[in-house]
Amino acid sequence: MNSHAAALPSSQTSTFHFGIQGMSCASCVGRVERALKAVEGTIQATVNLATEQAAVETARADALPALRAAVAAAGYQVASDAVTLRIEGMTCASCVGRVERALNAVPEVADVSVNLATEQASVAMLAGTDVATLMNAVVKAGYHASRVDADATSAQQGAVSSGSAKERRHLLWSVALSLPLIAPMLAMPLGMHIALPGWLEWLLATPVQFWLGARFYKAAYQAVRARTGNMDLLVALGTTAGYGLSVYLLLANGFDHGHAPLYFESSAVLITLILLGKWLEARAKRQTTEAIRALQALRPERARRRKDGEETWVPLSRIVVGDIVVILPGERTPVDGAVLEGTSQVDESLITGESMPVDKQPGDAAIGGAINGEGRLVLRTTAVGAQSRLAQIIRAVEDAQAKKAPIQRIVDRVSQVFVPVVVGLALLTLVAWGFSTGDWSRAILNTVAVLVIACPCALGLATPTAIMAGTGVAARAGILIKDAEVLEIARTVTTVAFDKTGTLTEGRPQLVRHYAADANDATLLDDAASLQTGSEHPLAAAVLKVAKEAQRTVVAPTDVAAVAGRGVRGHVDARELFLGSERWMLELGADRRQLDALAQRLDAEAQTTSWLAERTPNGIAVRGVLVFRDRSRTTARTAVARLHALGLRTVMISGDRRQAAEAIARDIGIDTVIADTLPEQKAAAIETLSRDGARVAMVGDGINDAPALAAAAVGFAMGSGTDVAMETAGVTLMRSDPNLVADAIDISRRTTRKIRQNLFWAFVYNSVGIPLAALGLLNPMIAGAAMALSSVSVVSNTLLLRRWHPASLAD
């Protein structure tokens, strides 16, 4: 599909071409065309069903958002793509804003998020958009862009390493040239008076200013050309002012150093300190991405494939679903697969956060990237490449790190006006000091201090580095956080609601007893097992397991239909049977008089039950009842206690009878129970709990939990659950351990706290530093050191998050 916007100068119109998803017939075409023609400015709109393309001629160059909204309102979607660009040359929050504005100005772009810490831009655009168009927009803004290729990770990391080595070389040269300039200052406390000739100072300072400091001039020029400002502009103006003043004084005094002080050391040391700060900052930023790099390193490059009785090493790219792969002791599992042969223990700690090795035997699932223990395993491949669990985890973490937290909007607004305001304050400082004292040398030095100390780097790094560190350590612990907004919202949760089965309980109920109204318990078991043949429901599995062990006769049912939230109905040996909840029996009007006494006793014992009924000439009559027991997870009580310690209220939502649900709730310490809840009622229960300002998190694992997960402020999906639940939730827990809910809320609070700390110090630093510099209370070199220290301190404070370990693994 092609997607472009081209202005037609002759008629001052623009034509947009884009794909439409969801059309199935001619009426769809008509509906989309009418919607597009209704958009203000549209001259002509045509839609082609065969190519699924729309062409719209409009008088408005900025009509694309309105056109996209019109298509959505008509019930269809504009086809879209996503691309990640590596942006080179960004140095501060102002740069981030400029790149975002440049990309947003491209008509085909729908959304942009630029991350200073990762130096990447995530762009959502019309399907088929030429990426070169995006790159050109970035270049025009004064930066360099390249596409991030997932298959060229090693090459890209090599380029980053090469750039780091170059920065280190430049820093060492700058230190070597600057040290002689400040040697006289350092020697004075020792009683040594050393004075370098002015020409030698100039000779040492010039390469620092124009060779090692060339990066600042280049970036400043690009900023001015784009009619904006950035940190490099401030540095270039400040150091050039100090260097220029020194050259003027040197020439004015005929190269006689004794007549006037020179300030070459100020400009040279400023550049050296800024280069040092940038180098330290880059090292610290790389450490914040350690978790994602560790995950990427888990992917082997080849696998041992068994084919036609022979085992050969092949590149991982040649492995397809269904291939047989052999893993020897100590090797890393190359693919997701099902164990066919062998038994072993597998270390999945870097993927799921599970600290103990996991037993594997035939029939078990294996995750790519895990380390095999002492046994030899043979797997049938179930997923490779982007579909593998490891790839999905990496993609989830990368997506979370690429997106901005809501609090970042404050920084974006500040950065748009920051540099122009600072330049204005610097000019005011120059004029005020110059005219009030007549000492223009002092005025220039104070102006330099203002320009240098007011670097917005710390503001730009405060939020993204914390997000990267927080989501990284969370992923290492088996907690996948969808995006920065979820991370920020999770800290505000006041109530945690749990689904019962599979979340607080093991989800593997056992059939412990069954009672027949006619005392024929064996026939009752036969009918219940026959009716549920082929069902994947946990209760059905429990019944079929007992029937198999008892070697009972199971026949195939007919006309089987599941009744959501109630049970199952169907025919066994031409008899219509119903198996489900007590509530369903009441709705059916089933006669259970023969089992009334038993029903009351089971109610008192808070047992989980399923009732079997049969349609008779006289109506529906209960044939018997099956009693199940599902054990609470061993970690459930601890998990609930930890949530209480965090000041949170806990709720359990269950479809079980109240007595059974309350018995489990009492056992694990749950505050509130919502029982007898149908699947479609769970979302309504969350909305009820959310009244009066409560922020409710929902924890679940099944398809039935998806609406409730979506309705909650934050949804937590157990990793052992369904894909639907995990796609709906904001947080995925890679282990079936409810303790991870408290861990996720804990890391959310800690990360948000780091963001606020970083922003506080970044704002305070500028609020205090700029006035001090303007008042002449800061030497330019001290201002430069403080500016470099501000960025390094913000990232270093963030790196403290790397020490976090989940309390669930404390033992």
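Residues numbered from 1 in each chain as written. Predicted model: local features only at pLDDT ≥ 70, side-chain atom pairs only at ≥ 80, totals over all residues. Heavy atoms only, no water.

The name that an unreviewed UniProt entry assigns to the protein chain is P-type Cu(+) transporter, with the source organism given as Dyella psychrodurans. Looking at the Subcellular location (unreviewed entry) heading of the UniProt record, one finds this comment for the protein chain: "Cell membrane". Recorded in UniProt for the protein chain, the comment headed Sequence similarities (unreviewed entry) runs: "Belongs to the cation transport ATPase (P-type) (TC 3.A.3) family. Type IB subfamily." (UniProt positions renumbered as here; feature names shortened; annotations may be inferred.)

*Asks:* How should I be thinking about the overall build of the protein chain in this particular structure?
*Replies:* Summing up its helical and strand segments, the protein chain has 28 helices and 31 strands in all. A total of 811 residues make up the protein chain; the buried ones form 51% of that total. Look at the contacts in the protein chain between residues 6 or more apart in sequence, and 68% of them connect residues 24 or more apart. For the protein chain, the accessible surface area stands at approximately 36100 Å², while carbon and sulfur atoms represent 55% of it. (Helix = DSSP H or I, 4+ residues; strand = E, 2+ residues; numbered from the N terminus. Buried < 20%, exposed > 50% of the residue type's maximum accessible area, 1.4 Å probe, protein only. Contact = heavy atoms within 4.5 Å. Areas by Shrake-Rupley, 256 points an atom, 1.4 Å probe, with all protein chains shown as cover.)

*Asks:* What should I look at first to understand the pairing of strand S26 (residues 619-629) in this one?
*Replies:* Looking along a regular strand, one sees the side chains alternate between the two faces of the sheet. Among the 11 residues that make up S26, eight are buried, leaving the element largely enclosed by the rest of the structure. Bridge analysis of strand S21 (residues 510-516) against S26 gives six bridges, and the strand direction is antiparallel. The partner of alanine 516 across the bridge, within S26, is glycine 624. Across nine bridges, strand S25 (residues 608-616) lies against S26 in antiparallel orientation. Looking across to S26, one finds that threonine 608 is bridged to phenylalanine 628. As consecutive antiparallel partners, S25 and S26 are separated by two residues. (Pairing = 2+ DSSP bridges.)

*Asks:* Please explain helix H14 (residues 440-453) as it appears in this structure.
*Replies:* Quick reminder: α-helices carry 3.6 residues per turn. Residues three or four places apart thus point the same way. Spanning 14 residues, H14 covers 20 Å between terminal C-alpha atoms, matching the ideal 20 Å at 1.5 Å per step. Counting buried residues along H14, 11 of its 14 residues qualify, which places the element largely inside the surrounding structure. Sitting at the head of H14, aspartate 439 places a side-chain oxygen 3.3 Å from the backbone nitrogen of serine 441. (Expected span 1.5 Å × (residues − 1). Polar contact = N/O pair within 3.5 Å; in protein donor to acceptor, adjacent residues only side chain to side chain.)

*Asks:* Even after reading the chapter, I still don't get the UniProt feature "transmembrane region" (unreviewed entry) in the protein chain, so can you show me in this structure?
*Replies:* Look at the UniProt record and you will see "transmembrane region" (unreviewed entry) annotated at residues 233-251, 263-280, 417-437, 443-462, 758-775 and 781-801. For residues 417-437, the end-to-end C-alpha separation is 30 Å, with 100% helix and 0% strand making up the annotated structure. Secondary structure content for residues 758-775 is 94% helix and 0% strand, and the end C-alpha separation is 26 Å.

*Asks:* Can you walk me through the sheet that holds strand S17 (residues 371-372) in this structure?
*Replies:* Through backbone hydrogen bonds, the strands of a sheet pair up, either in parallel or in antiparallel fashion. If you walk across this open sheet you meet the three strands as S15-S14-S17, and the pairing is antiparallel. With one partner strand each, in any of the chains shown, strand S15 (358-360) and S17 form the two edges of the open sheet. Two strands pair when backbone bridges link them, and strand S14 (residues 344-347) and S15 are joined in this way by three bridges, in the antiparallel orientation. Within the sheet, the bridge partner assigned to valine 346 lies in S15 and is valine 358.

*Asks:* What am I meant to see in unusual backbone geometry here?
*Replies:* Most peptide bonds adopt trans geometry, and most residues besides glycine take a negative phi value. In this structure, aspartate 308 takes a positive phi of about 55 degrees despite not being glycine. For aspartate 308, the position within the fold is in the loop between strand S10 (302-307) and strand S11 (310-315).

*Asks:* What exactly am I supposed to notice about the environment of tyrosine 217 here?
*Replies:* Considering the arrangement of structural elements, one finds tyrosine 217 in helix H7 (residues 214-225). Residue class for tyrosine 217 comes out partly exposed when judged on its relative accessible area of 26%. Sequence spacing of tyrosine 217 and valine 235 is 18 residues, and the spatial spacing of their C-alpha atoms is 8.6 Å. In this structure the side chain of tyrosine 217 is engaged in a polar contact, spanning 2.7 Å, whose partner is the side chain of glutamine 209.

*Asks:* What is the right way to look at a nonpolar patch on the surface in this model?
*Replies:* On the surface, Val417, Val421, Leu425 and Leu428 cluster together into a nonpolar patch covering about 340 Å² of accessible area. In this structure, leucine 428 sits in helix H13 (residues 408-437). Residue leucine 428 is classed as exposed on the basis of its relative accessible area of 56%. (Patch = residues over 30% accessible without salt bridge, like charges linked within 9 Å, V, L, I, M, F, W, Y side chains within 5 Å. Salt bridge = Lys/Arg side-chain N within 4 Å of Asp/Glu carboxyl O.)

*Asks:* It is not clear to me how the environment of isoleucine 327 should be interpreted in this structure. Could you clarify?
*Replies:* Structurally, isoleucine 327 is set in strand S12 (residues 324-327). For isoleucine 327, a relative accessible area of 2% corresponds to the buried category. For the pair isoleucine 327 and arginine 304, spaced 23 residues apart in the sequence, the C-alpha separation amounts to 7.1 Å. Filtering out sequence-adjacent residues up to four positions away, isoleucine 327 remains in contact with Thr333, Pro334, Asn372, Gly375, Arg376, Leu377 and Leu379.

*Asks:* Would you mind showing me how to read the packing of helix H6 (residues 198-212) against H7 here?
*Replies:* To describe two helices that pack against each other, one gives the angle between their axes and the distance between the axes. Where H6 contacts H7, the two axes come as close as 5 Å, and the packing angle between them is 40 degrees. Classified by the angle between their axes, H6 and H7 sit oblique to one another. Facing H6, whose interface residues are Gln209, Phe210, Trp211 and Leu212, H7 presents Ala214, Arg215 and Tyr217. Considering only residue class, the contact of H6 with H7 consists of five nonpolar, one polar and one charged. (Axes fitted to C-alpha atoms, helices over the stretch in contact; angles between N-to-C directions. Parallel < 35°, antiparallel > 145°, perpendicular 65-115°, else oblique. Nonpolar A, V, L, I, M, F, W, Y, C, P; charged D, E, K, R; others polar.)

*Asks:* Quick question: what am I supposed to make of the sheet that holds strand S16 (residues 365-366) here?
*Replies:* Pairing within the open sheet is antiparallel, and its six strands lie in the order S11-S10-S12-S18-S13-S16. Two strands in the sheet have a free side with no partner beyond their single neighbour: S11 and S16. Note that strand S13 (residues 336-341) and strand S18 (residues 377-383) share five bridges and pair antiparallel. By the bridge assignment for S18, alanine 338 is matched with arginine 380.

*Asks:* Can you help me understand the packing of aromatic side chains in this one?
*Replies:* Two aromatic rings are characterised by how far apart their centres lie and by the angle between their planes. This model, assessed by the stated rule, comprises seven aromatic pairs. Plain terms: the ring middles of phenylalanine 435 and tryptophan 440 are 5.3 Å apart, the flat faces sit at 80 degrees to each other, and that makes the pair edge-to-face. By the ring-pair criterion, three or more aromatic residues cluster together here, those being Phe210, Tyr217, Tyr243 and Phe264. We note arginine 302 situated over the ring of tryptophan 313; from NZ or CZ to the ring centre the distance is 4.1 Å. (Phe/Tyr/Trp six-rings, centres within 6.5 Å; stacked < 30°, edge-to-face > 60°. Lys NZ or Arg CZ within 6 Å of the ring centre and 35° of its normal.)

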